[in-house]
Amino acid sequence: MRGDEFGYHVLEPPFPEDFVAWYPYVRRDVLADHPRWLSWLERVVLHGVPGVRDRMIAARHRESGEWVGVVWTSVSVTCPEVAHFGWFYVEDRCRGAGVGGRVIETCLSTLAAEGVRVIMLPTQLENERAIGMYYRRGWELSIADPTGGVWMVREPAGFYQRYFTPDATRPLQTSTPEPADFVALDYLLSRPQAAIRLLPLGLTGSRRFISFVHDWGGAEHVVARQGGKPVAFGAAVRTDRGSQLDAFGLERRGIASVVRALARSVPQPYAEVAATDGLRRAALEDAQLRLDTVREAVVAGATMSLCRYVR
Ligand SMILES: CC(C)(COP(=O)(O)OP(=O)(O)OC[C@H]1O[C@@H](n2cnc3c(N)ncnc32)[C@H](O)[C@@H]1OP(=O)(O)O)[C@@H](O)C(=O)NCCC(=O)NCCS
């Protein structure tokens, strides 16, 4: 069996019926342990997500017509330069023949022709074969979580900082996130500096796509946008002490704007932030929160001073 015995197709919704019938990741036996991923994938494959362009790059045997390999990719209207890549699969009997490599190449050339510059993906550290394939094609490890989940990103140098740093002369708008924001938010939160910051809310990119793993009904969320593009993100969860806020962005103004919006809409807002985190402390103060107490705490195994801010 050789990779050139197959044709490589870029499929758009509505996906062909025989493809959906074969698609492995909407099968309950494959994703039995991950009901949330299953329901999210069913939405992508069967119904579509508003503002998001989901496609499947799929390999089909030329003679038999059987589907044998696929990867999902997703681009949203709010950040057309950034794409998700995931749920990569080649039938066992066809592995090692170059099908997976050709699926990736087809995906890369399709996205590049449309102006996509960043492609991010989640995988597992133990999947050396997949990591090797990605690494040889330009992806680099971005972040890992203690359970072995890793993110890899393929992007031009400096893109992340440029993308999420708003123009200081233009206004920011805040509102609750839309599905079309999720691709950018996953990218924003898939960086090392994001992990510790949103740790109290369990909202880090290293836990895989926040767009479908996080419980959006369990907290209030706000996005700050400039020109429609997300640049900062915040969340507030109810605790027995009030509403704990947390926010992430690369610069002060974006963080302050999401904190301000959240603090206005939740009861008894407070935030806890490391004493050394000057950027976020300044943003909280910009949003009219004031320092209340400082305490020693153990966060992710390290003892640190945590400053509590209240309104
Ligand atoms: C990962 C997967 C999609 C690859 O598909 P495939 O058709 O076997 O891929 P190819 O034959 O094109 O390429 C295999 C690559 O692995 C390398 N490889 C082959 N056997 C290997 C081994 N035992 N260990 C490490 N690398 C190996 C090859 O050198 C080739 O790399 P290259 O193209 O950079 O030279 C397929 O193995 C699969 O479906 N695995 C299970 C699901 C999975 O792990 N998905 C990825 C989740 S991120």
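Rules used throughout
Residues numbered from 1 in each chain as written. Predicted model: local features only at pLDDT ≥ 70, side-chain atom pairs only at ≥ 80, totals over all residues. Heavy atoms only, no water. Helix = DSSP H or I, 4+ residues; strand = E, 2+ residues; numbered from the N terminus. Contact = heavy atoms within 4.5 Å. Pairing = 2+ DSSP bridges. Axes fitted to C-alpha atoms, helices over the stretch in contact; angles between N-to-C directions. Polar contact = N/O pair within 3.5 Å; in protein donor to acceptor, adjacent residues only side chain to side chain. Core = buried A, V, L, I, M, F, W, Y, C linked by side-chain atoms within 4.5 Å. Buried < 20%, exposed > 50% of the residue type's maximum accessible area, 1.4 Å probe, protein only. Phe/Tyr/Trp six-rings, centres within 6.5 Å; stacked < 30°, edge-to-face > 60°. Salt bridge = Lys/Arg side-chain N within 4 Å of Asp/Glu carboxyl O.

Now for the environment of Glu140. Summarising the element assignment, Glu140 is placed in strand E6 (residues 140-144). Between the C-alpha atoms of Glu140 and Trp151, which are eleven residues apart in sequence, the distance is 8.3 Å. Beyond its immediate stretch of four places on either side in the chain, Glu140 contacts Trp151, Met152 and Val153.

Turning to the sheet that holds strand E9 (residues 220-226), a few remarks are in order. Read from one edge of the open sheet, seven strands run E8-E9-E10-E11-E12-E14-E13, paired in mixed fashion. The sheet is open, and its two edges are formed by strand E8 (173-175) and strand E13 (290-299), each paired on a single side. Put simply, the sheet's adjacent strands are angled 25° from each other on average, direction ignored. Against the sheet, helix H9 (residues 252-265) engages E8, E9, strand E10 (229-239), strand E11 (242-249) and strand E12 (269-274), with an angle of about 140° to E9. Those strands touched by helix H10 (residues 278-286) are E11, E12, E13 and strand E14 (302-310), and its axis lies near 160° from that of E12.

With that out of the way, let us pick up the environment of Trp67. Assignment of secondary structure puts Trp67 in strand E3 (residues 67-76). Placed 47 residues apart in sequence, Trp67 and Val20 show a C-alpha to C-alpha distance of 9.9 Å. What Trp67 contacts, discounting residues up to four positions off in sequence, is His9, Leu11, Asp18, Phe19, Trp22, Ala58, Ala59, Arg60 and Glu91. Separated by 3.1 Å, the side chains of Trp67 and Asp18 make a polar contact.

Among the nonpolar cores identified, the biggest contains 27 residues, and Phe85, Ile104, Ile119, Tyr134 and Trp139 are the most heavily contacted of them. When contributions to this core are tallied by element, the ones reaching two or more residues are strand E2 (52-61), E3, strand E4 (79-90), helix H3 (99-113), strand E5 (118-124), helix H4 (128-136) and strand E7 (149-154). Per element, the largest residue contribution to this core is six residues, and it comes from H3.

So, about the side chain of Thr73. Within the secondary structure layout, Thr73 lies in strand E3. For Thr73, a relative accessible area of 1% translates into the label buried. Once you skip the residues sitting within four places of it in the chain, Thr73 turns out to touch Arg53, Asp54, Arg55, Ile57, Ala83, His84, Cys107 and Leu111.

Turning next to the packing of aromatic side chains. For the coordinates displayed, the defined rule picks out 20 aromatic pairs. The interplanar angle of 65° and the centroid separation of 5.4 Å between the aromatic rings of Tyr134 and Trp139 together place this pair among those described as edge-to-face. Relative to Tyr187, the ring of Phe159 lies with its centre 6.2 Å away and its plane at 55°, an arrangement referred to as tilted. Of this pair, Phe159 sits in helix H5 (residues 159-164) while Tyr187 sits in helix H6 (residues 182-188), and the two are 28 residues apart along the sequence.

Turning to the pattern of salt bridges, a few remarks are in order. Per the stated rule, a full pass over the model turns up 17 salt bridges. The salt bridge partner of Arg95 is Asp92, with a shortest N-O separation of 3.6 Å. Ionic pairing is found between Arg295 and Glu272, a salt bridge with its closest N-O pair at 3.0 Å. Pair noted here: Arg295 is in strand E13 and Glu272 is in strand E12, with a separation of 23 residues, a long-range link. Assessed through its relative accessible area of 37%, Arg295 is described here as partly exposed. On the accessibility criterion, Glu272 (11% relative accessible area) is buried. Here the salt bridges do not stand alone but share partners, grouping Glu12, Arg53, Arg55 and Glu114 into one network.

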